[in-house]
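# Descriptive structure summary
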Amino acid sequence: MELINVDESLIELTSDFAQSVFIDYYTPLNGSEHANYMADMFLSQKAIKELLGEGAVFKLVMDDNKPVAYTEYKKDGDRVFLSKLYAHKDYRGRKLGDLMLNDCIEYTKSSGLNKIYLTVNKYNTPSYNIYLHKGFKVIDSVETDIGHGYIMDDYIMELTI
């Protein structure tokens, strides 16, 4: 397994892969229309290009030259926002989350920072429990209107490293 930086040449591959993983994961939680709307909003080629332009780090985990997981994070004030950390369903349970989280931790340290935060859907119990196990603590909750009648109902979790 290899963790690679997404650049302009990988945006199309990244978008196609990330949207399919996201939709597969979130359809049971939020319904198909909501999952598709969010995937298009946050993982389209345009969205990924904008994130990269804003200084975000977007990475793919590759296995035999095919993407199997992805992550995205960026500096936000005095901490790092871990926005995305997803693995294809066939690769869950293989410690890819650890690989990606450790990469984010190293980025945070090398940036002179010591906190990572993220948002997790309140009904996404598996991910919520993993983050608790990794040392994240709930510091707040938020409901974010993302348009078209959709609300993201999330916990805000933070890890001090």
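Up top is the structure these notes are about.
Residues numbered from 1 in each chain as written. Predicted model: local features only at pLDDT ≥ 70, side-chain atom pairs only at ≥ 80, totals over all residues. Heavy atoms only, no water.

### A word on unusual backbone geometry
For Asn65, which is not glycine, the phi dihedral falls at a positive 65 degrees. Mapping Asn65 onto the fold places it in the loop between strand E2 (57-63) and strand E3 (66-76). (Helix = DSSP H or I, 4+ residues; strand = E, 2+ residues; numbered from the N terminus.)

### A word on the pairing of E2
For E2, the tally of buried residues reaches six of seven residues, placing the bulk of the element in the interior. Summarising the sheet, strand E1 (residues 2-5) and E2 pair through four bridges and their orientation is antiparallel. By the bridge assignment for E2, Leu3 is matched with Val61. Of the strand pairs in this sheet, E2 and E3 are connected by seven bridges, and their pairing is antiparallel. Among the inter-strand pairings, Leu60 is bridged to a residue of E3, identified as Tyr70. In textbook terms, the turn of a hairpin is the stretch between consecutive antiparallel strands, and for E2 and E3 this stretch comprises two residues, one of which, Asp64, has a positive phi near 55 degrees. (Buried < 20%, exposed > 50% of the residue type's maximum accessible area, 1.4 Å probe, protein only. Pairing = 2+ DSSP bridges.)

### Topic: the packing of helix H1 (residues 11-30) against helix H3 (residues 45-53)
Running from amino to carboxyl end, H1 crosses H3 at an angle of 120 degrees, the nearest separation of the two axes being 9 Å. The angle between H1 and H3 falls in the class oblique. Crossing of H1 over H3 shows right-handed handedness. Only Gln45, Ile48, Lys49 and Leu52 of H3 make contact with H1, whose side of the interface consists of Ile11, Glu12, Thr14 and Ser15. Residue composition of the contact of H1 with H3, by class: three nonpolar, three polar and two charged. (Axes fitted to C-alpha atoms, helices over the stretch in contact; angles between N-to-C directions. Parallel < 35°, antiparallel > 145°, perpendicular 65-115°, else oblique. Left-handed = near helix turned anticlockwise from the far one by under 90°. Contact = heavy atoms within 4.5 Å. Nonpolar A, V, L, I, M, F, W, Y, C, P; charged D, E, K, R; others polar.)

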